[in-house]
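So the chains spell out like this:
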Amino acid sequence: MPDSFFASAKVRKRKRPQHQNGVKKPSKKAKLDEELSQHSDSDNNANDWADLDLRAEEPDPNASGDSDTDETPAEKRLRLAQLYLSSVKESLAAGEGDFDAAEIDRDIISSRLKQDVLSHSGKIHLFVADSYSSCLSTKPPTLRTRGHRFSVTSAVTSSSSRYLFTAGKEGAIIKWDLTTGKKVATVHKCRIHDSSTTTPSSSTATKKKNKGKWKAQAIEVQGHTDEILTLALSSDGKYLASGGRDRRLIVWDAESLSCIKVFQGPMNHKDTISALSFKHSTHTLYTASFDRTLKLYDLSPSILGYTETLFGHQDSVLSISSLSGDNCVSVGGRDKTARYWKIVDESQEEKGKEKEKGEYVEGSLECIAMIDESTFVTGGDSGSISLWSTTKKKPIFTHPLAHGLHSTFSSTEGTIQTPRWITSLATLPYSDLFVSGSWEGQIRLWKVDSKLKSFSLLGNLPIPGIINSLQLVSPPKSFFTSLTSSSKTPNSASNPFNASTDTTAAASLHTTSTPSVPNSASLPNTSESTWLPRSLLSQPHTRTAPVIFLIAGTGQEHRFGRWLTVKEGGAVNGCYVVALLPDSAAGDAAEEDGGEGTGGLRTF
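Residues numbered from 1 in each chain as written. Predicted model: local features only at pLDDT ≥ 70, side-chain atom pairs only at ≥ 80, totals over all residues. Heavy atoms only, no water.

The name an unreviewed UniProt entry gives the protein chain is WD40 repeat-like protein, with Leucocoprinus birnbaumii as the organism. Per UniProt, the protein chain carries the Subcellular location (unreviewed entry) text "Nucleus". (UniProt positions renumbered as here; feature names shortened; annotations may be inferred.)

What follows is the structure, given as structure tokens:
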């Protein structure tokens, strides 16, 4: 008898069954399933519909209607490319007229594809500056608006160029019809006053007693209570943002100029809001302030709130600029730095201003504007304009004394010459054209080198006063199409003269509008009242370059203070809109005007 110590009480591992001829026998479970399946096929054929999935498959949004389920990824890419090329052909044929098929395939489509690739890369791809040289030598069509009591601090329009918005030091926002130059609506500054609690003759003790009520009332006011220094308009023209000395960021409905939301108090700026900028094609808003911070707001209807704060500047942030990417640039006044902010990476790059070789040293960086996602320009109180790249810490190129010297007479030292500092900058996004402003009565247009290594002066435009705000925008074809269609039906309900309103923000009430509709029989013809030449309405765009609107907010004082006053040379508190026409369009407009210019100045 074997020893019990070596005896195995149970089988620790199941032995695999030995199959004859290497064929595995079906298990009991598989046999049972087979029997059930045969039974259901024979007995329950009438109930087969209960096991079917009658739900429709979810459609693939990236697939086209003629897709094949058996096609390979390479075949799908080829099919989508062919669809894209056919859509490009149709759009070009519809927008540019009739062309030879070979010409479309060889020239137009190739240039269109190159432009699409460059536009998605975020680099400069519109080299159009040379197309406006002849326009600067004549009198381009110019619109001047006058409606503000004090200096215009900001003037903006959307990409559609339908309406123009201006803000002034008196605390008012005015909406203009850019096709006719007529005033559409006005929002005035709010005056905080409650007759039920205090009166102008109330005693000091009464005012101290109601101090808390006054603070609560100031928060409830749906409008600005002090100077408005900056405006920003979203690309779709839906939201208008404004900020100023009252530390309030207010979001308006651009169509009705009604207040949507007021950002004030904790988590918001604690000092004057100096600059605003919308990210292109989004509702993301960048704000800058004297409190040395930048803030991000998401103005999407589902969020409409504060996002985050960016720290880094050591002095007041005076200007900010952004394009389509998840980044922005800003300048910090007397900290003499320009900063490139990477929002997604939560990092920043400091660009230090190098000491000038000339006599004048930079004391403050005043303004900044992005050319493309990696190139931007800055201007300061030394009068110099610098070209920067995100790959280098120092400027690539600097043009000293861009707007010349300002001469003043001193009884003790005689004539003193100081540089005119750069008060504003603006670029046509992703192009080689940008403009600068000061107070000598000229707006200067600059051309960037194709290699982004330097820039040169293209020409001047005579605009008197201190240039507090600049913008370059290219109106779409729909803008000129609407002018042409409205000229055929001048008395229609869509005529801009039917929407003339004046809006006043009361102390503690929402903005209200009082429509003033004139007699439709006395409405002027839109084609006769517009400030643009008729030849431009028929051919608004050429194949070489588009029409560009230069918008300049001017005044007799600088937007940040009153240390500089300019009243000579016809300086007014208003806004100028100059139509920069490419060479071919400028020649047609000059012939229409008798060869002496292209329309000159019109004031509204």
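Picking up after the structure, the text goes on.
(A) Highlighting the packing of aromatic side chains. The tally for this structure, following the rule as stated, stands at 12 aromatic pairs. Judged by centre distance (4.8 Å) and plane angle (55°), the rings of F263 and Y297 are tilted. Within this pair, whereas F263 is found in strand β9 (residues 259-263), its partner Y297 is found in strand β12 (residues 293-298), the two being separated by 34 residues in sequence. An identical accessibility class is assigned to F263 and Y297; each is buried. Between F479 and F480, the ring centres sit 5.2 Å apart and the planes meet at 90°, which makes this aromatic pair edge-to-face. F480 shares its class with F479; the two are buried. Site record: aromatic cluster; members linked through ring pairs are F397, F434, W446 and F455. Over the ring of Y163 we find R162; its NZ or CZ atom is 4.9 Å from the centre of that ring. Against the face of Y163 rests K175, its NZ or CZ located 4.2 Å from the ring centre. (Phe/Tyr/Trp six-rings, centres within 6.5 Å; stacked < 30°, edge-to-face > 60°. Helix = DSSP H or I, 4+ residues; strand = E, 2+ residues; numbered from the N terminus. Buried < 20%, exposed > 50% of the residue type's maximum accessible area, 1.4 Å probe, protein only. Lys NZ or Arg CZ within 6 Å of the ring centre and 35° of its normal.)

(B) Region of interest: the pattern of salt bridges. Taken as a whole, this structure holds 10 salt bridges when the rule is applied. Across the salt bridge formed by D326 and K279, the nearest N and O atoms sit 2.3 Å from each other. Of this pair, D326 sits in the loop between β14 (319-322) and β15 (327-331) while K279 sits in the loop between β10 (273-278) and β11 (284-289), and the two are 47 residues apart along the sequence. Assessed through its relative accessible area of 39%, D326 is described here as partly exposed. Of the charged contacts, one joins R562 and E557 as a salt bridge, the two residues approaching to 3.2 Å between their closest N and O atoms. The class for E557 is buried, based on a relative accessible area of 17%. Taken together, the salt bridges that share partners define one network made up of K169, E557 and R562. (Salt bridge = Lys/Arg side-chain N within 4 Å of Asp/Glu carboxyl O.)

(C) Quick look at the nonpolar core. Judged by nonpolar contacts, the single largest core of 44 residues is most densely connected at I443, L532, F549, L550, V577 and L580. Sorting elements by how many residues they give to this core places strand β32 (residues 574-580) first, with 6 residues. The contact partners of I443, leaving out residues within four places of it in the chain, are V435, S436, G459, N460, L461, I463, I467, L470, L550 and A552. Core analysis: the second largest hydrophobic core is formed by 16 residues, V184, I228, L240 and C259 among them. (Core = buried A, V, L, I, M, F, W, Y, C linked by side-chain atoms within 4.5 Å. Contact = heavy atoms within 4.5 Å.)

(D) Region of the structure containing unusual backbone geometry. Positioned with a positive phi, L257 is a non-glycine residue whose angle comes to about 55°. Note on placement: L257 falls in the loop between β8 (249-253) and β9.

(E) Highlighting the side chain of S274. The residue S274 is located in strand β10 in this model. What makes S274 buried here is its relative accessible area of 0%. Only 2.4 Å separates the side chain of S274 from the backbone oxygen of V317, close enough to count as a polar contact. If sequence neighbours within four positions are ignored, S274 has contacts with T230, A288, S289, F290, V317, L318, R559 and F560. (Polar contact = N/O pair within 3.5 Å; in protein donor to acceptor, adjacent residues only side chain to side chain.)

(F) Spotlight on the confidence of the model for the protein chain. On average, the protein chain scores 77 in pLDDT, and the residues at 70 or more come to 65%. Within the protein chain, the lowest mean pLDDT, 36, falls on strand β30 (residues 512-515), and the highest, 98, falls on strand β24 (residues 424-427). A low-confidence stretch, residues 194-202 (pLDDT under 50), is modelled with 13 contacts involving residues beyond four sequence positions or located in other chains. In this model residues 489-528 is a low-confidence stretch, pLDDT under 50, and it forms 80 contacts with partners more than four residues away in sequence or in other chains. (pLDDT = per-residue confidence, 0-100.)

(G) Structural detail: the pairing of β12. The element β12 is largely enclosed, with a buried count of 6 among its 6 residues. Residues T293, K295 and Y297 of β12 are buried on one face, and the alternating residues L294, L296 and D298, pointing to the opposite face, are buried as well. Across 5 bridges, β11 lies against β12 in antiparallel orientation. If you follow T284 over to β12, its bridge partner there is D298. Taking the residues that link successive antiparallel strands as the turn, the β11-β12 hairpin has 3 residues, and the phi of R292 there is positive, at about 75°. Relative to strand β13 (residues 305-311), β12 runs antiparallel, the two being bridged by 6 bridges. (Pairing = 2+ DSSP bridges.)

(H) Main features of the sheet that holds β9. A sheet is described by the order of its strands in space; here 4 strands give the open sequence β6-β7-β8-β9, paired in antiparallel fashion. The open sheet has two free edges, formed respectively by β6 (228-233) and β9, since each of these has just one partner strand. The average angle at which neighbouring strand axes cross in this sheet is 20°, direction not considered. By the bridge criterion, 5 bridges tie strand β7 (residues 239-244) to β8 in an arrangement that is antiparallel. Residue pairing for β8: G243 is matched across the bridge by L249. (Axes fitted to C-alpha atoms, helices over the stretch in contact; angles between N-to-C directions.)

(I) Region of the structure containing the UniProt feature "repeat: WD" (unreviewed entry) in the protein chain. Mapped onto this numbering, the UniProt entry gives "repeat: WD" (unreviewed entry) at residues 145-186, 221-262, 266-300, 310-351 and 422-450. Between the end C-alpha atoms of residues 266-300 there is a gap of 21 Å, over a span that is 0% helix and 51% strand. Within residues 422-450, the helical portion is 0% and the strand portion 55%, while the C-alpha atoms at the span's ends are 24 Å from each other.

(J) Just the sheet that holds strand β18 (residues 365-372), in detail. Read across the sheet, 4 strands follow the order β18-β19-β20-β21 without closing on themselves; strand pairing throughout is antiparallel. On the outer flanks of this sheet lie β18 and β21 (397-399), each paired with one strand and no other. Mean inter-strand twist for the sheet, computed between neighbouring axes without regard to direction, equals 20°. Where strand β20 (residues 385-389) meets β21, 3 bridges bridge the pair, whose relative direction is antiparallel. When the bridges of β21 are listed, S386 appears paired with T398.

(K) The environment of L601, seen in detail. Within the secondary structure layout, L601 lies in strand β33 (residues 601-603). Put simply, L601 and K139 are 462 residues apart on the chain and 8.4 Å apart in space, counted from C-alpha to C-alpha. Not counting chain neighbours up to four residues away, the residues in contact with L601 comprise T142, L143, R144 and Y576.

(L) Region of interest: the environment of L428. With respect to the element layout, L428 can be found in the loop between β24 and β25 (433-437). When the C-alpha atoms of L428 and A129 are compared, they prove to be 9.8 Å apart, with 299 residues separating the residues in sequence. Discounting chain neighbours no more than four positions away, the residues touching L428 are V128, L433, L472, V473, S474 and I548.

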